[in-house]
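# Chains, contacts and geometry: an overview
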Amino acid sequence: GAGGSIGTEICRQLLKLKPKKVICIDISEASIYKIEQEFNKIETEIIYFIDDIKNIKRIDKIFDTNDIDIIFHAAAYKHVPLLEDNNVESAIKNNVFGTKVISDLAIKYKVQKFVYISTDKAVNPKGVMGQTKRLAELICQNHQNNNSTTLFLIVRFGNVLNSSGSVIPKFREQIANGGPVTVTHKDITRYFMSISEAAQLVIKATLLSKGKEIYVLEMGEPIKIIDLANQMINLSGFNKDEIDIVFTGLRSGEKLYEELLYNEETTVK
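Residues numbered from 1 in each chain as written. Predicted model: local features only at pLDDT ≥ 70, side-chain atom pairs only at ≥ 80, totals over all residues. Heavy atoms only, no water.

## Considerations on the pattern of salt bridges
- This model, assessed by the stated rule, comprises 11 salt bridges.
- Note that Arg 58 is salt-bridged to Asp 51, the shortest N-O span being 2.8 Å.
- Residue Arg 58 is classed as partly exposed on the basis of its relative accessible area, which comes to 28%.
- Residue classification places Asp 51 among the buried positions, given a relative accessible area of 11%.
- A salt bridge links Arg 156 to Glu 137; the shortest N-O distance between them is 2.8 Å. With a gap of 19 residues between them, Arg 156 in strand β5 (residues 151–157) and Glu 137 in helix α6 (residues 128–145) connect regions that are remote in the sequence.
- Judged by relative accessible area, which is 0%, Glu 137 ranks as buried.
- Among the charged side chains, a salt-bridge network with shared partners connects Glu 9, Arg 12 and Glu 38. (Salt bridge = Lys/Arg side-chain N within 4 Å of Asp/Glu carboxyl O. Buried < 20%, exposed > 50% of the residue type's maximum accessible area, 1.4 Å probe, protein only. Helix = DSSP H or I, 4+ residues; strand = E, 2+ residues; numbered from the N terminus.)

The following block contains the structure:
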């Protein structure tokens, strides 16, 4: 998932640390091309692969021909309504079996650390996206308990500001078009964090980890989406009389609020 919002930012921050080699894998040619153009003047050796993580033979070859120390696994289908409607099978194949392929190969090739990028939607999951991400977490935890070579850790956080397909670019486009701005429910809340902060904390967790942990990033207080919409309308130079806000109703698989933890009492700050 090197070409996604989180994957790209992790690559950016890793490259500042001057690693020996960075291998970028993404199923999207457009995403790989975009980061290849961004990183083309960097001296670090970077290898780009346009590949599907479910293609076991191909991914095995990548592992076999590269001495890999750390894997950051950020490849996932994540758009809640899309996965609920017609893409349940695709979500399971990619988010669950894709993780199984990568994690099995990590053990086979004695990779030092496997970092799984998860989500608050994996906590008491209601929809397909959260359920598949939780299954992937369980695969990683099971591997940690049954191998002695690769350390598995999970980093779980909420929504990332301005990431592809997130609410802020959507609101920005709706405001530019004169409205209306669509919000699913007047009481819906979400946790938000900047892309750079999330990526930095993922890398920090990797350094701290001794295996078996789920790192939950401190996301601050949840934000009401209606307040976010109103702020964006005001910051764009409009008032509430000029841009309408329309409530569309909760979509399939969507919660009013997200949870970061299963049990607060088992959490170490």
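Here the narrative resumes.
## Some remarks on the nonpolar core
- One finds Phe 63, Ile 71, Ile 102 and Phe 114 to be the most contacted residues of the largest nonpolar core, which totals 20 residues.
- No other element matches helix α5 (residues 88–108), which puts four residues into this core.
- With residues up to four places along the chain from it excluded, the contact list for Phe 63 reads Ile 68, Ile 71, Ile 102, Leu 105, Ala 106, Tyr 109 and Val 111.
- Among the nonpolar cores identified, the runner-up in size contains 19 residues, and Leu 14, Ala 198, Val 202 and Ile 203 belong to it. (Core = buried A, V, L, I, M, F, W, Y, C linked by side-chain atoms within 4.5 Å. Contact = heavy atoms within 4.5 Å.)

## Observations regarding helix α7 (residues 167–176)
- All buried positions along α7 are accounted for by Ile 168, Phe 171, Gln 174 and Ile 175. Looking down the long axis of α7, one finds its buried residues gathered within 125 degrees of arc, a one-sided arrangement. Exposed residues on α7 whose side chains face more than 90 degrees from its buried face are Glu 173 and Ala 176.
- Where the residues of α7 are buried, they touch β7 (181–183) and α9 (225–235).
- Just downstream of α7 lies Gly 178, where phi reads positive at about 90 degrees. (Arc of directions from axis to C-beta.)

## Re α9
- Of the residues making up α9, those classed as buried are Ile 225, Ile 226, Leu 228, Ala 229, Met 232 and Ile 233. For α9, the buried positions fall inside an angular range of 160 degrees around the axis, keeping them on one side.
- Where α9 is buried, its residues meet α7, β7, β8 (189–190), β9 (192–193), β11 (223–224) and β12 (245–247).
- Count one or two residues on from α9 and you reach Gly 237, which has phi positive near 90 degrees.

## Re the side chain of Asp 120
- Considering the arrangement of structural elements, one finds Asp 120 in the loop between β4 (113–119) and α6.
- For the buried residue Asp 120, which engages in no salt bridge, the nearest side chain bearing the opposite charge is Lys 121, 4.2 Å off.
- Within the structure, Asp 120 has its side chain in polar contact with the side chain of Thr 119 (distance 3.3 Å). (Lys, Arg positive; Asp, Glu negative; His and termini not counted. Polar contact = N/O pair within 3.5 Å; in protein donor to acceptor, adjacent residues only side chain to side chain.)

## Some thoughts on the sheet that holds strand β10 (residues 214–216)
- In spatial order, the strands read β3-β4-β5-β10; together these four strands make up an open sheet with parallel pairing. Whereas interior strands pair on both sides, the edge strands pair on one side only; in this sheet they are β3 (70–73) and β10. Taken pair by pair, the neighbouring strands of this sheet meet at an average axis angle of 20 degrees, ignoring direction.
- Here β5 runs beside β10; their pairing, made up of three bridges, is parallel. Bridge pairing in β10 links Val 155 to Tyr 215.
- Contacting β3, β4 and β5, α5 runs over the sheet at an angle of about 165 degrees to β4. (Pairing = 2+ DSSP bridges. Axes fitted to C-alpha atoms, helices over the stretch in contact; angles between N-to-C directions.)

## Notes on the packing of aromatic side chains
- With the rule as written, the count across this model stands at two aromatic pairs.
- Measuring from ring centre to ring centre gives 4.9 Å for Phe 114 and Phe 152, while their planes differ by 35 degrees; the resulting arrangement is tilted. Of this pair, Phe 114 sits in strand β4 while Phe 152 sits in strand β5, placing them 38 residues apart in sequence. There is no split in this pair, since Phe 114 and Phe 152 are both buried. (Phe/Tyr/Trp six-rings, centres within 6.5 Å; stacked < 30°, edge-to-face > 60°.)

## Describing the environment of Arg 12
- Structurally, Arg 12 is set in helix α1 (residues 5–16).
- Residue Arg 12 is classed as partly exposed on the basis of its relative accessible area, which comes to 32%.
- Between the C-alpha atoms of Arg 12 and Glu 38, which are 26 residues apart in sequence, the distance is 9.4 Å.
- Residues within four places of Arg 12 in sequence aside, it is in contact with Glu 38 and Phe 39.
- At a separation of 2.7 Å, a polar atom in the side chain of Arg 12 contacts the side chain of Glu 9.

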